[in-house]
Amino acid sequence: MTYDFDLFVIGAGSGGIASARRAAEYGAKVGIAEFDRLGGTCVNRGCVPKKLMVYASHFPDLFEESQGYGWSPVKSSLDWEKMITAVNNEVTRLNGIYQGMLDKSQVELLQGYGKFIDSHTIVVGDRQITADKILIAVGGHPIRPNILGIEYAITSDDIFHLQKQPQRLVILGGGYIGAEFACILHGMGTEVTQIIRGDMILRGFDDDLRSQIQEAMINHGIRVLNKIQMIAIEKDGAGVKVTVRGDEGTEETVIADAVSLAAVGRKPNTHNLGLENTKVKLHDGAIVVDKYSRTAEENIYAVGDCTNKINLTPVAINEGRAFADTVFGGKSRIMSYENVPTAIFTTPEAATVGLTETEAREKYGDAVKIYRSRFRPMYYTLAGKDEKTMMKLVVDQKTDKVLGAHMVGTNAAEIIQGIAIAIKMGATKANFDATVGIHPSSAEEFVTMR
Ligand code: FAD
């Protein structure tokens, strides 16, 4: 049987583009469908525009801190429209770069929504194609919880296109995306209220990291309402009136210009894909795959957020490349989900790799030893701020292996990326101790903890 393509990919986001290009490098004839802009969530409404806005949000602090170093006060204000336009222009530039990369790899782009007719046939717009292997890399979308007036809420996707800066913003949920947006908008001067059902933000992360970030966010002036549920949103002039209820049943209303669902989670884009025409299986909306990213249908694979494993760009890319290496490159390779580092771009920034203290204690019991350091970094001494950096190592005393590293503080992502290599290689605490520090730096604390 001959097919139009050796590989057809549905979704040109992080995972889809990486897989398509790698398979094409091995000589496969590859096509890819995308109904939106190239680059997926990360480039268009995720990591990239978000990080640019994180940078934008840091300037007021820098202006203030500079005075401790002898600089005269800086009077400056944010032109929101200019900032948003610059961010979106950069996204458009990246869209073009992705188009160039696909062209260079000779991957054919079919602009349109891809849908299965059967396990080897896909329809994209008015074109029907066949492929030997098919990769689903369709990503996910923000969840809209069932709350009265939910239609008045915006999602994280919309924040990148707001024409005007909201003066008051309510963020629902305590996930990392919501915490990041709370800090971004607060840094830009918006009055932010974050509503969390539990007693702390960032469920699933190390407890010391969670409490340190939440404490810092509150100290900076973000209103974090814990153990609270949002029960209704009403239109209130040009803004919204949000009714919330505490655990004891007390109700409160918060008036804001906008309410955002940035932090209530995401769901895989597996509806309306024609998967019922294949043997592909779903669990809670996510595509079920084996360690080679293969679905229940022998020639169909899936990577990235649509499989809902670890929803991060480098994970989607790694899964996609492992798939292409295995299926088209003759190099059997699987993605390793152990010690995947990640960052939370709040202010202060945080990053983490490996086991949390709680996870380690569940697995290794009393053998777990914690090394923790909380200090004011040198930078804040002249700046006159009491912002603390927190570093923590989770160690298995039996083997001396470092099981996890967690940090809250400036440049945490840059520092933990390096630490992650050591942990991935199985470094022991003795290896950390034998490493000479870089002085003066914050990172040296990781090799001097007692
Ligand atoms: P996507 O990148 O979402 O790509 C899927 C693509 O498929 C999309 O372009 C979509 O339009 C297309 N598509 C869907 N259905 C079809 C169809 N039927 N036919 C054709 N095309 C289709 N990750 C990090 O690592 N670091 C971060 O700092 C970070 N920040 C984030 C911030 C936000 C606000 C969000 C929302 C996410 C963030 N992420 C971050 C997560 C990251 O963006 C995702 O994990 C990553 O994009 C997943 O890649 P993917 O290939 O699985 O899906």
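Just so it is clear, the model here is predicted, and its values are computed rather than measured. (Residues numbered from 1 in each chain as written. Predicted model: local features only at pLDDT ≥ 70, side-chain atom pairs only at ≥ 80, totals over all residues. Heavy atoms only, no water.)

Trainee: An account of the side chain of Glu297 is needed here, citing residue identities and associated values.
Mentor: Relative to the helices and strands, Glu297 is located in the loop between strand S17 (286–287) and strand S18 (300–302). Buried charge without a salt bridge: Glu297, with Lys279 as the nearest opposite-charge side chain at an N-O distance of 4.0 Å. A polar side-chain atom of Glu297 sits 2.8 Å from the main-chain amide nitrogen of Lys279. (Helix = DSSP H or I, 4+ residues; strand = E, 2+ residues; numbered from the N terminus. Buried < 20%, exposed > 50% of the residue type's maximum accessible area, 1.4 Å probe, protein only. Lys, Arg positive; Asp, Glu negative; His and termini not counted. Salt bridge = Lys/Arg side-chain N within 4 Å of Asp/Glu carboxyl O. Polar contact = N/O pair within 3.5 Å; in protein donor to acceptor, adjacent residues only side chain to side chain.)

Trainee: Give a description of the sheet that holds strand S12 (residues 239–246) that names residues and reports values.
Mentor: Spatially, the 3 strands line up as an open sheet ordered S11-S12-S13, and their pairing is antiparallel. Every interior strand has two partners, whereas the edge strands, strand S11 (228–236) and strand S13 (251–256), have only one. Put simply, the sheet's adjacent strands are angled 25 degrees from each other on average, direction ignored. Sheet topology places S12 next to S13; 6 bridges connect them, and they run antiparallel. Along S13, the bridge assignment pairs Val242 with Val254. (Pairing = 2+ DSSP bridges. Axes fitted to C-alpha atoms, helices over the stretch in contact; angles between N-to-C directions.)

Trainee: Tell me what's going on with the site of the ligand, and back it up with residues and numbers.
Mentor: Near the ligand there are 35 residues, and of these Gly15, Glu34, Thr41, Lys50 and Asp305 occur at the shortest range. A distance of 2.8 Å is found between an oxygen atom of the ligand and a backbone nitrogen or oxygen belonging to Gly15. Within the side chain of Lys50, a nitrogen or oxygen atom sits 2.5 Å from an oxygen atom of the ligand. Starting from 990 Å² of accessible surface for the ligand in isolation, the protein chains cover 96%. Put simply, the parts of the chain that give the shell around the ligand at least two residues each are helix H1 (14–25), strand S2 (30–34), helix H2 (40–45), helix H3 (47–66), helix H6 (176–187) and helix H8 (313–328). (Near = heavy atom within 4 Å. Areas by Shrake-Rupley, 256 points an atom, 1.4 Å probe, with all protein chains shown as cover.)

Trainee: Before we move on, could you go through the pattern of salt bridges and cite the residues and values that matter?
Mentor: Under the definition given, this model contains 22 salt bridges. Close ionic contact of Lys385 with Asp61 constitutes a salt bridge, the shortest N to O distance being 3.7 Å. Of this pair, Lys385 sits in the loop between helix H10 (378–383) and strand S22 (389–396) while Asp61 sits in helix H3, and the two are 324 residues apart along the sequence. The class of Lys385 is buried, set by a relative accessible area of 18%.

Trainee: So, the environment of Thr435: which residues are in play, and what are the values?
Mentor: As for its position among the elements, Thr435 is in the segment after helix H12 (429–433). With 95 residues separating them along the chain, Thr435 and Val340 place their C-alpha atoms 22 Å apart. Within polar-contact distance, the side chain of Thr435 engages the backbone oxygen of Asn431 at 2.7 Å.

Trainee: Please set out unusual backbone geometry residue by residue, giving values where relevant.
Mentor: A negative phi angle is the norm for most residues apart from glycine, just as the trans form is the norm for most peptide bonds. A cis amide bond links Thr347 with the next residue in sequence, Pro348, at an omega value of 5 degrees. When you line up the elements, Pro348 lands in the loop between strand S19 (342–344) and strand S20 (350–354).

Trainee: Account for the packing of aromatic side chains, naming residues and giving values.
Mentor: Aromatic rings in a pair are described by how distant their centres are and how their planes are angled relative to each other. This model, assessed by the stated rule, comprises 8 aromatic pairs. On the basis of an interplanar angle of 50 degrees and a centroid distance of 5.4 Å, the ring pair of Phe35 and Tyr113 is categorised as tilted. Taken together, the residues span a long stretch of sequence, with Phe35 in the loop between S2 and H2 and Tyr113 in the loop between strand S3 (108–111) and strand S4 (114–118) at a distance of 78 residues. When its relative accessible area of 55% is taken as the criterion, Phe35 is described as exposed. (Phe/Tyr/Trp six-rings, centres within 6.5 Å; stacked < 30°, edge-to-face > 60°.)

Trainee: Go over the sheet that holds strand S14 (residues 258–260) with me, naming the residues and quoting the values.
Mentor: Here we have 4 strands laid out as an open sheet, ordered S10-S9-S8-S14, and parallel in their pairing. Where the open sheet ends on each side, the last strands, each with one partner, are strand S10 (223–225) and S14. Along the sheet, successive strands turn relative to each other by an average axial angle of 20 degrees, direction set aside. In terms of strand pairing, strand S9 (residues 191–195) meets S10 through 3 bridges, oriented parallel. By the bridge assignment for S10, Thr193 is matched with Arg223. Most of the contacts of H6 go to S9, to which it runs at about 165 degrees, and overall it touches strand S8 (168–172) and S9. (Contact = heavy atoms within 4.5 Å.)

Trainee: Quick one: what's the story with the packing of H3 against H6, residue by residue and with numbers?
Mentor: Packing of H3 against H6 leaves a shortest axis separation of 7 Å and a crossing angle of 40 degrees. When the interaxial angle is binned, H3 and H6 end up oblique. Regarding H3 and H6, the two cross each other, and that crossing is left-handed. Contacts between H3 and H6 pair Lys50, Met53, Val54, Ser57 and Pro60 from the former with Tyr176, Glu180, Cys183, Ile184 and Gly187 from the latter. By residue class, the composition of the contact of H3 with H6 is 6 nonpolar, 2 polar and 2 charged. (Parallel < 35°, antiparallel > 145°, perpendicular 65-115°, else oblique. Left-handed = near helix turned anticlockwise from the far one by under 90°. Nonpolar A, V, L, I, M, F, W, Y, C, P; charged D, E, K, R; others polar.)

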